[in-house]
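# Notes for the structure review
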Amino acid sequence: MRSAGFVYDPELELELPETSPQEFQPEAADAETLLRLERAAGLIPDRIGALEARYEALYRRALEEEGEAFYAAMEEALAVARRIADLNVWYMRLTGRPITPYYG
């Protein structure tokens, strides 16, 4: 087993393996790498919850806007939605199970 290289992802605010989630193979990782992965996976649910709240606020704001302001707010909401999706993919890859969604 070998140690995976990690890099800080400023978009997701997490230290993750250098490879993409589709290429990463946790079953081939050493103990140190698995510990780092477990720490990252533990942070993801709270990170997603915060981003979901941000998305909802942006979406509500967009619905109150018109014209360019509407499109700008929707673009920002979509960027947050992409981050949520990326975190979900990483969580599934790191833990082997999906995050149960919260619908407030």
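Up top is the structure these notes are about.
Residues numbered from 1 in each chain as written. Predicted model: local features only at pLDDT ≥ 70, side-chain atom pairs only at ≥ 80, totals over all residues. Heavy atoms only, no water.

### Looking at the packing of aromatic side chains
To keep it simple, the criterion reads: Ring geometry is summarised as follows: Phe, Tyr and Trp rings, the Trp one being its six-membered ring, pair when their centres sit within 6.5 Å, and such pairs are stacked at plane angles under 30 degrees, edge-to-face over 60 and tilted between the two. Strands here are runs of E lasting at least two residues and helices are runs of H or I lasting at least four, both read from the DSSP assignment and numbered beginning at the N terminus. Buried, partly exposed and exposed residues are distinguished by accessible area as a fraction of the type maximum, computed with a 1.4 Å probe on protein chains only: under 20%, between the cut-offs, and over 50%, respectively.
Inspection of the entire model under this criterion finds two aromatic pairs. Taking the centre distance of 6.1 Å and the plane angle of 15 degrees together, the rings of Tyr-55 and Tyr-59 count as stacked. Separated by four residues within a single helix, Tyr-55 and Tyr-59 lie in helix H1 (residues 31–64), roughly one turn from each other. Judged by relative accessible area, Tyr-59 falls into the partly exposed class, the value being 33%.

### As for the pattern of salt bridges
Note the cut-off: The term salt bridge refers to a pairing of a side-chain nitrogen on Lys or Arg with a carboxyl oxygen on Asp or Glu at a separation within 4 Å.
Scanning all chains against the criterion turns up six salt bridges. The residue Glu-13 makes a salt bridge to Arg-47 at a minimum N-O spacing of 3.9 Å. You can see Glu-13 sitting in the loop between strand S1 (6–9) and strand S2 (14–17) and its partner Arg-47 sitting in helix H1, a full 34 residues away along the chain. On the basis of relative accessible area, Glu-13 is assigned to the partly exposed category, the value being 39%. Ionic pairing is found between Arg-61 and Glu-76, a salt bridge with its closest N-O pair at 3.6 Å. Of this pair, Arg-61 sits in helix H1 while Glu-76 is found in helix H2 (residues 67–95), placing the two residues 15 residues apart along the sequence.

### Observations regarding the nonpolar core
So the rule is basically this: What we call a nonpolar core is a set of buried Ala, Val, Leu, Ile, Met, Phe, Trp, Tyr and Cys residues that are connected through their side-chain atoms within 4.5 Å. When checking whether two residues touch, look at their non-hydrogen atoms; a contact exists if any pair is within 4.5 Å.
Judged by nonpolar contacts, the single largest core of 18 residues is most densely connected at Leu-16, Ile-44, Leu-87, Trp-90 and Leu-94. Excluding residues within four positions of it along the chain, Leu-16 makes contact with Gly-5, Phe-6, Val-7, Asp-9, Ala-40, Trp-90 and Leu-94.

### A word on the pairing of S1
The following threshold applies: In short, DSSP must find at least two bridges between two strands for them to pair.
Relative to S2, S1 runs antiparallel, the two being bridged by four bridges. Considered in S2, the bridge of Tyr-8 is made with Glu-15. In this structure, the hairpin formed by S1 and S2 is closed by a connection of four residues, where Glu-13 is found at a positive phi of approximately 55 degrees.

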